[in-house]
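Take a look at the letters that make up each chain.
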Amino acid sequence: MAARTRRARLTAATLTLGVAAGGAALALGTASAQAADTTRAAAPAKPHVTVDTRGTKPLNVRMYPSEDATDAGNLKNGTVVGVDCKVRAQQVQDSTYWYKIRGKEQWITAEFTKNPSGTAPLCKDFFPAKQATQQGKAVG
């Protein structure tokens, strides 16, 4: 009987420690998640734009500046996105401009963005060496 009681106490103590450790881990996880949310809420460096799909529908991200290009995902309405540059390409409703998402080879139409912060340069000015190489010119 004494052995059974000791085993029950040991099991209870182990469970208590496990629950306490789990609670601490949960608290740490919550704190780090809140810190991550704060980081995401901050606007990216300029230039950046805000997705405005005029509703709840997400904006398609494309592999090239065209509606015919492969989907690379989507962005929720209201998302603030950093951009490298812009190009004139396929017209979407009233706009012929497309923004290149910062640091990626992905594009969004300017038609469904608002509040541009900072001036996005033309991609030919942002990537001049890349343009020269594509045109067959020697880059020095």
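Before any of the text, the structure's been laid out above.
Everything in this summary refers to the structure shown in the same document. Values in this document were obtained by computation on a predicted structure and should not be read as measured data.

Assignment of secondary structure puts Ser-66 in the loop between strand E2 (59–62) and strand E3 (71–75). When its relative accessible area of 18% is taken as the criterion, Ser-66 is described as buried. A polar atom in the side chain of Ser-66 sits 3.0 Å from the backbone nitrogen of Asp-68. Those residues within four positions of Ser-66 in sequence are excluded, and the remaining contacts are Gln-90 and Trp-98.

Where burial is concerned, the two faces of strand E1 (residues 48–51) agree: the one with His-48 and Thr-50 and the one with Val-49 and Val-51 are both buried. Bridge analysis of E1 against strand E4 (residues 80–92) gives 3 bridges, and the strand direction is antiparallel. From the neighbouring strand, Val-49 faces E4, where its bridge partner is Val-81. Two strands pair when backbone bridges link them, and E1 and strand E7 (residues 113–117) are joined in this way by 3 bridges, in the antiparallel orientation. Within E7, the residue paired with His-48 across the bridge is Ser-117.

Moving on, we get to the environment of Pro-65. Topologically, Pro-65 is positioned in the loop between E2 and E3. In this structure, the C-alpha to C-alpha distance between Pro-65 and Tyr-97, residues 32 residues apart in sequence, is 8.5 Å. Residue contacts for Pro-65: discarding those within four places in its chain leaves Val-87, Ala-89, Gln-90, Trp-98 and Trp-107.

What follows is about unusual backbone geometry. Pro-47 follows Lys-46 through a cis peptide bond whose omega is -5 degrees. Note that Pro-47 resides in the loop between helix H1 (2–41) and E1. Residue Asn-115 is not a glycine yet carries a positive backbone phi of 50 degrees. Considering the arrangement of structural elements, one finds Asn-115 in strand E7. The class for Asn-115 is exposed, based on a relative accessible area of 52%.

Looking now at the environment of Thr-50. Mapped onto the elements, Thr-50 comes out in strand E1. As a C-alpha pair, Thr-50 and Gly-78 span 28 residues in sequence and 5.8 Å in three-dimensional space. Contacts of Thr-50, omitting those with residues within four sequence positions, involve Gly-78, Thr-79, Val-80, Phe-112, Thr-113, Lys-114 and Asn-115.

Mapped onto the elements of the fold, Arg-88 is located in strand E4. Spatially, the C-alpha atom of Arg-88 lies 9.4 Å from that of Cys-123, the residues being 35 residues apart in sequence. Sequence-distant contacts of Arg-88, that is, excluding residues within four places in its chain, are made with Thr-96 and Tyr-97. Side-chain polar atoms of Arg-88 contact the side chain of Thr-96, separated by 3.3 Å.

All told, the structure shown has 4 salt bridges when counted by the stated rule. For Asp-71, the salt bridge identified is with Arg-62, shortest N-O distance 3.0 Å. A relative accessible area of 14% places Arg-62 in the buried class. Between Lys-124 and Asp-125 there is a salt bridge whose closest N-O contact spans 3.6 Å.

Parameters at a glance
- Residues numbered from 1 in each chain as written.
- Predicted model: local features only at pLDDT ≥ 70, side-chain atom pairs only at ≥ 80, totals over all residues.
- Heavy atoms only, no water.
- Helix = DSSP H or I, 4+ residues; strand = E, 2+ residues; numbered from the N terminus.
- Buried < 20%, exposed > 50% of the residue type's maximum accessible area, 1.4 Å probe, protein only.
- Polar contact = N/O pair within 3.5 Å; in protein donor to acceptor, adjacent residues only side chain to side chain.
- Contact = heavy atoms within 4.5 Å.
- Pairing = 2+ DSSP bridges.
- Salt bridge = Lys/Arg side-chain N within 4 Å of Asp/Glu carboxyl O.

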